[in-house]
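Summary of structural features
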Amino acid sequence: MLHVKSVDVEQRTFSGFATTPTPDRIGDIVEPKGAKFQNPLSLLLFHDSKQPVGKAVFGKATDEGIAFTASIPDVSEPGRLKDRVDEAWHSVKYGVIRGVSIGFRAFEDGIEQLKSGGLRFTSYEVLELSLVPVPANSEASIQSIKAIDAPFLAPQGTEAAESVPTRPAVVGTPNPRHEAPVP
């Protein structure tokens, strides 16, 4: 859910949780305290490295999750970059995109098989944060928006239809169970 907390005329910013220890929609658990990252991280649209739209700064990993603050620049010159960042901003602003997802790479000793069939990621490198309509972790969401146009944000509607993702959180492979761990 999007909740407007304040207005920031300088930046188009928003915040939320990048990951939590809650099992995701496919039964995997990404332990927040196992994350290694270097701020700022790239903010992408749909995990597409050809569509960067801003930057994200992660807070300290806690037992509850990893909070983030992200910003999308307000590009004044016409062109493909302006169109892309405006699309991303409008998608967040109007609630079309309410989720986020981390792109990460598991370290060799950072994967455990769960009895349920899922995986527990205990040590991994976060490579990026992406804006997505349906995150694998249902708690990975945008919590608040700060913008000059915050008073004009669209009210939130009903929940999105359920969808089963095919591992969007792992970069570089459609299934991390077949990926060689990072040494």
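The rules behind each value
- Residues numbered from 1 in each chain as written.
- Predicted model: local features only at pLDDT ≥ 70, side-chain atom pairs only at ≥ 80, totals over all residues.
- Heavy atoms only, no water.
- Helix = DSSP H or I, 4+ residues; strand = E, 2+ residues; numbered from the N terminus.
- Buried < 20%, exposed > 50% of the residue type's maximum accessible area, 1.4 Å probe, protein only.
- Contact = heavy atoms within 4.5 Å.
- Pairing = 2+ DSSP bridges.
- Core = buried A, V, L, I, M, F, W, Y, C linked by side-chain atoms within 4.5 Å.
- Phe/Tyr/Trp six-rings, centres within 6.5 Å; stacked < 30°, edge-to-face > 60°.

**Considerations on the side chain of Ser15**
By the element assignment, Ser15 lies in strand S2 (residues 12-19). The exposure class of Ser15 is buried, given its relative accessible area of 18%. Leave out the neighbours within four places in its chain, and Ser15 touches Phe68, Thr69, Ser141, Ile142, Gln143 and Ser144.

**What to know about the pairing of strand S5 (residues 41-45)**
Within S5, 4 of the 5 residues are buried, which leaves it mostly tucked inside the rest of the structure. Alignment of S5 against strand S6 (residues 48-58), held across 5 bridges, turns out to be antiparallel. Its bridge partner lying in S6, Leu44 is registered against Pro52. Once S5 ends, the chain turns through 2 residues before running back antiparallel as S6, passing Phe46 with a positive phi of about 60°.

**Some thoughts on the sheet that holds strand S3 (residues 29-30)**
Strand order in the open sheet formed by 3 strands is S3-S10-S9, with mixed pairing between adjacent strands. Single-partner strands in this sheet number two, and they are S3 and strand S9 (111-113).

**Some details on the environment of Tyr124**
Its place among the elements puts Tyr124 in strand S11 (residues 124-132). In this structure the C-alpha to C-alpha distance between Tyr124 and Glu108, which are 16 residues apart in sequence, comes to 8.8 Å.

**Looking at the nonpolar core**
Ranked by internal contacts, the top residues of the largest apolar core, which has 34 residues, are Phe14, Phe58, Ile102, Tyr124, Leu129 and Leu131. With sequence-adjacent residues up to four places away left out, Phe14 is seen in contact with Leu43, Phe68, Thr69, Ala70, Ile72, Trp89, Val92, Leu131, Ile142, Ser144 and Ile145.

**Let's talk about unusual backbone geometry**
Following Asn39, the chain continues to Pro40 via a peptide bond in cis, the omega torsion being -10°. The phi dihedral of His47 is positive, around 60°, even though this residue is not glycine. Examined against the element boundaries, His47 turns out to sit in the loop between S5 and S6.

**Observations concerning the packing of aromatic side chains**
Two numbers describe a pair of aromatic rings. These are the distance of the centres and the angle of the planes. Throughout the structure, instances matching the rule amount to 4 aromatic pairs. Residues Phe104 and Phe121 carry aromatic rings whose centres are separated by 5.0 Å and whose planes lie at 75° to one another, so their mutual orientation is edge-to-face. In this pair, Phe104 sits in strand S8 (residues 99-106) while Phe121 sits in strand S10 (residues 119-121), placing the two residues 17 residues apart along the sequence. Overall, Phe121 belongs to the buried group, its relative accessible area being 2%. What links up through ring pairs into an aromatic cluster is the set Phe104, Phe121 and Tyr124.

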